[in-house]
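# Structural description and commentary
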Amino acid sequence: MTITDFKEELKGIIRESGMSVCEISKKSGVATQTIYDWLNKDKTPSLDSAQWVLNAIGYNISLEGGDK
């Protein structure tokens, strides 16, 4: 998965969560504006920030090794 694919997946999960960006921000500790920037601007989240937001929504990031 490319970073662009990851970003689009994250945006979809946030939008489909049924939670407002403000709610996600409060639960995750990631600034509301930062989340809006991911959704509406060409900003890319750090892995840590993405994980905090996904945890707040009930998701988890799992990284697995692949074939080289």
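Shown above is the structure to which this text applies.
Reading guide: rules and limits
- Residues numbered from 1 in each chain as written.
- Predicted model: local features only at pLDDT ≥ 70, side-chain atom pairs only at ≥ 80, totals over all residues.
- Heavy atoms only, no water.
- Helix = DSSP H or I, 4+ residues; strand = E, 2+ residues; numbered from the N terminus.
- Buried < 20%, exposed > 50% of the residue type's maximum accessible area, 1.4 Å probe, protein only.
- Contact = heavy atoms within 4.5 Å.
- Axes fitted to C-alpha atoms, helices over the stretch in contact; angles between N-to-C directions.
- Parallel < 35°, antiparallel > 145°, perpendicular 65-115°, else oblique.
- Left-handed = near helix turned anticlockwise from the far one by under 90°.
- Nonpolar A, V, L, I, M, F, W, Y, C, P; charged D, E, K, R; others polar.
- 1 Å grid on protein atoms, 1.4 Å probe; cavity = no way out; pocket = protein on both sides within 12 Å on 5 of 7 lines; lining within 4 Å.
- Points joined across faces, edges and corners; volume = space filled by probe spheres on them.

## Focus: the side chain of Lys11
- Following the sequence through the fold, Lys11 ends up in helix α1 (residues 3–16).
- Exposure remark for Lys11: the relative accessible area of 13% places this residue in the buried category.
- Once residues lying within four places of it in the same chain are set aside, the contact partners of Lys11 are Trp38 and Leu39.

## Some points on the packing of α1 against helix α4 (residues 47–57)
- Relative to each other, α1 and α4 sit at 30°, their axes nearing to 11 Å. One element, α1, and the other, α4, form an angle in the roughly parallel class. Here α1 runs over α4; the crossing is left-handed. Between α1 and α4, the contacting residues are Phe6, Leu10, Ile13 and Ile14 on the first element and Ala50, Val53, Leu54 and Ile57 on the second.
- Residue composition of the contact of α1 with α4, by class: eight nonpolar, no polar and no charged.

## A word on the layout of surface pockets
- Within this model, the largest pocket holds a volume of roughly 280 Å³.
- Lining the largest pocket are 15 residues, with Met1, Phe6, Ile61, Ser62 and Leu63 sitting closest to its centre.
- Elements represented by at least two residues in the lining of the largest pocket include exactly α1 and α4.

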